[in-house]
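Structural overview
The primary structure of each chain is shown beneath.
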Amino acid sequence: MSSLSRELVFLILQFLDEEKFKETVHKLEQESGFYFNMKYFEDEVINGNWDEVERYLGGFTKVDDNRYSMKIFFEIRKQKYLEALDKHDRSKAVEILVKDLKVFASFNEELFKEITQLLTLENFRENEQLSKYGDTKSARAIMLVELKKLIEANPLFRDKLQFPNLKSSRLRTLINQSLNWQHQLCKNPRPNPDIKTLFVDHSCGQPNGARAPSPANNPLLGSIPKPGGFPQLGAHGPFQPAPTPVAPLAGWMSNPPAVTHPAVSGGAIGFGTPTNPAAMLKHPRTPSAANPSMDYPSGDSDHVSKRPRPVGLSEEVNLPVNMMPVTYPQSHSYPQDDFHKAVARTLSQGSAPMSMDFHPVQQTLLLVGTNVGDIGLWDVGTKERLVVRNFKVWELGKCSMALQAALVKDPTVSVNRIIWSPDGTLFGVAYSRHIVQIYSYHGGDDIRQHLEIDAHVGGVNDIAFAHPNKQLCIITCGDDKTIK
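In this text the structure is predicted, and so the values were computed from the model without any measurement.

This next bit is on the nonpolar core. Residues Phe36, Phe41, Leu57, Tyr81 and Leu101 are the most contacted members of the largest nonpolar core, which totals 41 residues. At the level of elements, helix H3 (38-46), helix H4 (50-57), helix H5 (67-86), helix H6 (90-101), helix H7 (109-117) and helix H8 (136-153) are the ones that each hand at least two residues to this core. Considering every element that reaches this core, the biggest residue donor is H5, with 10 residues. Setting aside chain neighbours within four positions, we find Phe41 in contact with Phe36, Val53, Tyr56, Leu57, Ile76, Leu147 and Ile151. Listed in part, the 23 residues of the second largest apolar core include Ile375, Leu403, Val415 and Tyr439.

Written as structure tokens, this is what we have:
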């Protein structure tokens, strides 16, 4: 592919990112192999989306490309294997051993035998090399430190870890320049023509060059000798200008270690804990409060577009959330004819929605909770999903032993109820396992962990907010037959 064609792919990536085509942008990254989005890769690893992790890596390297690549794939598959053993899912562990890890037997047969012997142990931590293996979350974080160093040292990723320094909306700018140039060629250029299509070249004599009511200020017109010009392309339909980025560019960790990484060895693979875990444990990877998903820089700003990506969603067929528009008359009676029969919006949540609630002030903001514990925040007006969060216990050590035991036995959790507080600054989530989580909302896609309550023994069936005596209260009810 020529250099200009390669640059065009980067312009398309920037456009997809600004327009928030969240799935497509990462698919193009992977298929082109031009830009490895480390932030996206980290999110997928932390959330244990192993199929997507390997699929994304596959656009840049294969297992047997070099020793770095081999060790990257080995560490990922080893972690997946250990997690299956930790859940006592022997059949899944055997499947991973045969399908994913056997390929490494030809390089180190003794290691493969030793890995296989872990199946015979009641707890793989009985193996001396794995005795310091913690919980799944910390193990993934430690492995991620090692993976990042291996990727940065791998020559196949050279020049693919940094996105080009582009001015924002570069593709739009080029299209506007092209339209202005075409307009200069018109015999009788009309002032401020209304562009309705990009599929054919512009001409003022064609229907797509209809006269606009009045001229508009155009920053591109200064260089045009003929009268008239085009408004910014963003004024037409889907080409709305991207919102001004507001999140500061962050590193891959919120508190990166002060010391630089030591030289990376792509040497022998093993199944002990990846080296140098201390740096990760000392500086845990926590998402930025402002935005946990930040990707593409621009040349005219030190900011980046806010792009929360839905992670951890299943491969199942998306189940739609149907939005029915409703006319609200002044009276409190709603005749049947006031309700529209046609679907106005269909939002694909990705897993079965269980509970929904509209923001009390910003009426287009919709909270959704699902049967796999995910929560989502949608702007129904634009059909944009602003936030997705997968279920996790924030502080497992502070939870009751009953909850910890229940999650070990069966980690599946569903949202029973999701609801906004009266002023919309908080929202609560009641789960099918013991706990309630309260988030604070700060506008846009900025939601933050606020309070976690081990509320009931069993499921929390409902949650409500009350404001007696000017004090906000949370009310819950649960399987333990109590209301608190």
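Right, let's get into the environment of Arg55. Tracing the chain through its elements places Arg55 in helix H4. Reaching out from Arg55, the side chain makes a polar contact with the side chain of Glu52 at a distance of 2.6 Å.

Counted according to the given criterion, the structure contains 17 aromatic pairs. Taken together, a centroid distance of 5.1 Å and an interplanar angle of 90° make the contact between Trp394 and Tyr439 edge-to-face. Here the residue Trp394 occupies a position in the loop between strand S9 (384-389) and helix H11 (401-409), and Tyr439 occupies one in strand S12 (residues 435-441), the gap between them amounting to 45 residues. Trp394 sits in the buried class, given a relative accessible area of 16%. Among the aromatic side chains, those forming a connected cluster through ring pairs are Phe36, Tyr40, Phe41, Tyr56, Phe60 and Phe157.

With 72% of its residues at a pLDDT of 70 or more, the chain has an overall mean of 76. Contacts for the low-pLDDT stretch residues 276-295, under 50 throughout, to residues beyond four places or in other chains number 63 contacts. Under a pLDDT of 50 for its full length, residues 299-331 has, in the predicted model, 112 contacts with residues more than four places off or in other chains.

What follows deals with the side chain of Arg77. Mapped onto the elements of the fold, Arg77 is located in helix H5. Exposure remark for Arg77: the relative accessible area of 9% places this residue in the buried category. Polar contacts involving the side chain of Arg77 include one to the main-chain carbonyl oxygen of Asp100, which spans 2.8 Å. Each residue touching Arg77, except ones within four places of it in the same chain, is listed here: Glu54, Val63, Ile96, Asp100, Leu101, Val103 and Phe104.

Counting across every chain of the model gives 17 salt bridges. Glu75 serves as the salt-bridge partner of Lys71, at 3.2 Å between the closest nitrogen and oxygen. Of this pair, Lys71 and Glu75 both sit in helix H5, four residues apart, which is roughly one turn of that helix. Here the two residues Lys71 and Glu75 agree in accessibility, since each one is buried. Salt-bridge contacts for Lys99 lead to Glu95; the nearest nitrogen and oxygen are separated by 3.5 Å. Taken as a pair, Lys99 and Glu95 lie in helix H6 at a separation of four residues, close to a single helical turn.

What counts and what doesn't
- Residues numbered from 1 in each chain as written.
- Predicted model: local features only at pLDDT ≥ 70, side-chain atom pairs only at ≥ 80, totals over all residues.
- Heavy atoms only, no water.
- Core = buried A, V, L, I, M, F, W, Y, C linked by side-chain atoms within 4.5 Å.
- Buried < 20%, exposed > 50% of the residue type's maximum accessible area, 1.4 Å probe, protein only.
- Helix = DSSP H or I, 4+ residues; strand = E, 2+ residues; numbered from the N terminus.
- Contact = heavy atoms within 4.5 Å.
- Polar contact = N/O pair within 3.5 Å; in protein donor to acceptor, adjacent residues only side chain to side chain.
- Phe/Tyr/Trp six-rings, centres within 6.5 Å; stacked < 30°, edge-to-face > 60°.
- pLDDT = per-residue confidence, 0-100.
- Salt bridge = Lys/Arg side-chain N within 4 Å of Asp/Glu carboxyl O.

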